[in-house]
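Read off the chains here:
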Amino acid sequence: MARPSPNPPEETAPASDPTPASLTLLSIPGDTPEDTDTYWLTRVYQGDRLAQFTPRSVGIGAVIGVLTCATNLYVGLKTGVAFGVAITAALLAHASHGLWRRVAPGFSGRPLTPLETCSAQTVASAAGYATGGALVSVQGAWLIVTGQHPTPLVLLAWTFFLSALGVLFAVPLKRRLVDHEQLPFASGTAAATTIRALHGTDPEAPTRLRMLGLGGAVAGLVTFAREGLGRLPMGVSFPGSLGGIPLERLGFALDTSLLPIGAGALLGPRITTSLWLGAILMHGFVAPRVLGAGLATDEEGGFLSWSLWPGAAALTVASLVHFAWDGRVLARVFKGLVSGTPRAPRPIDAVQVPRSWWLAGIGVLTPATIVVAHLGFGVPVAHAALAVALSFVLCLISCRVTGETDMSPVGALSQVTQVTYGVLLPNHVQANLATAGITVNAASASADLLTDLKAGHLLGANPRRLFLAQLVGTVLGALAAVPLFFLLVPDRSALGSEQFPAPAAFVTAGVARVLSTGLDTLAPATRAAVGWAALAAAVLVAAERLLPARASRWVPSPLGMGLACLLPPSYALSFFLGGVVSGMVGRVRPAAQERRWVPLAAGLIAGEGLMGVCIVLSRTLW
């Protein structure tokens, strides 16, 4: 088997049709990791055949990234929620270049290749999603607590260093989670499906494209009726009560959002059933007792402000046990990255991120982050270094949870950092917030990179070039997000206003203030819940690993159940409905699942995301 050239000149890449495998497969077959690598390299990989990381793909991705960055900042400050932009960016990249070709056919060149669309989507996703999460939550909390912004230069460097560091943290995990375990990364899978439908030339491409368009149209119309016209409610609450608490207050409702249904369809029945089971347990049985005992109140954020503690414990313990179980595999991965001892090269190594890049990036960005944390935010040097190391561990958790559930639990993981520094640096609220910012930015960027690499893996893209596209996106995102943040939030009075309630910022600030006095401020019942959640997660992971395959598939996913603590039950129900339908279609008509159901689910995600972006932009501009 010929070794692929790692860096062919993109501008001379021959125009060619994509390989059939890159237009159909949702997983790469193979009995062993080596077999899977061989199949991917010989049947799916096309990075040397098609243009990928080109100036026009970067330019298109940059423009889309700035737009989605502005949207995510606005929505995050208003609601505490950020749009995942992978699918939206892929659609916008394809549509914008198509319009350019109609307006200026002599300058636009030939149509984008699938891999160029993937690169544009990666740049846009990094710029629009991976750089702004900490601004909405942690930097907003910093402004609430201190009353003033950091200097623009400090915040710009902080945002870029942490996002780029998160990208590098994800590099050693790619081969394990994306290539060999083949975790779903539902948004990445949906983005690949979307790009296939846009570029497909096989006989089934028209069917996929129609289903994609149908899902997008339906979700877009529903979103417009709900959020644009106000004609649909956000959800229809269930009647009745549990433990004397109305189900409406507990959050049990039928949500009118179709996006989580599409995401649930891509995640499959096991994860989504576990998510719904966890929602019933936490919100149906635990919540009435917690609310009745006064451990959580509506003024303090309701039950979700309490349940994030056991949820964070379950997600952290489950992810760490998973990685400990794979300790030998991970040790080999890291040894290959840091060891100077050469090993026999394999053909697939030529397209991976080189060890020298990874070491150089970590060697530069780690001390740079520590310096900015110390000089810009007052964190002691040793504690800043510990925060970087801790964030690497939490990036492992973020990537695995995102891979299995398509939800990056950066809020819960920031609580882990805040708890740690509540113990190490009591009465130091600023350090508590700054170290939480390291976790939020790095974990978001890590999960976003692997989501993009999942899409590229299914399309046969060169992972080295997608890594570069992600880094370019972090630079552009920092340059766009920081000035926009200062523009939208010029001072403390802008937060908590009717325009920008900033719930994520106030929650983060509240947690920092509580934990600055130590963990003793948590109620004994809350600490007990954290312990029981951690124990249950460890037991479920052990059952997954030790039971035979036929029995282990019936074990609830601890990651799904832990995530249920962080979401309203209405959202968990939507995930569950999508997963159930996906399982039924896969059992009754397996061929229709890939040809019709997966593109339809991707369309539901893309349609709501696009319409949501348009509504927010229109309200911002007019």
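Up top is the structure.
Worth saying up front: this structure is predicted, and the values here are computed from it rather than measured.

Q: Kindly report on the packing of aromatic side chains, identifying the contributing residues and their values.
A: Two numbers describe a pair of aromatic rings. These are the distance of the centres and the angle of the planes. What the rule picks out here adds up to 11 aromatic pairs. Summarising the aromatic geometry, the rings of Trp158 and Phe377 are spaced 4.6 Å apart at their centres and angled 45 degrees between planes, so their arrangement reads as tilted. In this pair, Trp158 sits in helix α7 (residues 152-180) while Phe377 sits in helix α15 (residues 355-377), placing the two residues 219 residues apart along the sequence. For the pair Trp158 and Phe377, one class covers both residues: buried. Residues Phe252 and Trp276 carry aromatic rings whose centres are separated by 6.2 Å and whose planes lie at 75 degrees to one another, so their mutual orientation is edge-to-face. With Phe252 in the loop between α10 (247-250) and β4 (253-255) and Trp276 in helix α12 (residues 269-292), the pair connects residues that are 24 residues apart, well separated along the chain. Accessibility classification places Phe252 together with Trp276 in one group, the buried group. Chaining the aromatic ring pairs together yields one cluster made of Trp142, Trp158 and Phe377. Positioned above the aromatic ring of Trp40, the side-chain terminus of Lys174 is 6.0 Å from the ring centre.

Q: Any chance you could break down empty space enclosed by the protein for me, citing the residues and the numbers?
A: Enumeration over the complete set of coordinates arrives at 2 cavities of 30 Å³ or more. As a volume, the second largest cavity reaches approximately 30 Å³. For the second largest cavity, the full set of lining residues is Trp40, Lys174, Leu453, Gly456, His457, Ala461, Asn462, Pro463 and Leu466. Taken together, the elements giving at least two residues each to the lining of the second largest cavity come down to α18 (429-459) and α19 (463-488). Ranked by the residues each element gives to the lining of the second largest cavity, the list is headed by α18, at 3 residues. By residue class, the composition of the lining of the second largest cavity is 5 nonpolar, 3 polar and 1 charged.

Q: Tell me about the pattern of salt bridges, and please be specific about residues and values.
A: Scanning the model with the defined rule gives 7 salt bridges in all. Residues Asp179 and Lys174 are paired through a salt bridge, measuring 3.0 Å at the closest nitrogen-oxygen approach. Among the residues examined, Lys174 registers a relative accessible area of 5% and is labelled buried. Here Glu181 and Arg400 are joined by a salt bridge, their closest N and O atoms 2.7 Å apart. Pair noted here: Glu181 is in the loop between α7 and α8 (186-199) and Arg400 is in helix α16 (residues 381-405), with a separation of 219 residues, a long-range link. On the accessibility criterion, Glu181 (25% relative accessible area) is partly exposed.

Cut-offs and rules
Residues numbered from 1 in each chain as written. Predicted model: local features only at pLDDT ≥ 70, side-chain atom pairs only at ≥ 80, totals over all residues. Heavy atoms only, no water. Phe/Tyr/Trp six-rings, centres within 6.5 Å; stacked < 30°, edge-to-face > 60°. Helix = DSSP H or I, 4+ residues; strand = E, 2+ residues; numbered from the N terminus. Buried < 20%, exposed > 50% of the residue type's maximum accessible area, 1.4 Å probe, protein only. Lys NZ or Arg CZ within 6 Å of the ring centre and 35° of its normal. 1 Å grid on protein atoms, 1.4 Å probe; cavity = no way out; pocket = protein on both sides within 12 Å on 5 of 7 lines; lining within 4 Å. Points joined across faces, edges and corners; volume = space filled by probe spheres on them. Nonpolar A, V, L, I, M, F, W, Y, C, P; charged D, E, K, R; others polar. Salt bridge = Lys/Arg side-chain N within 4 Å of Asp/Glu carboxyl O.

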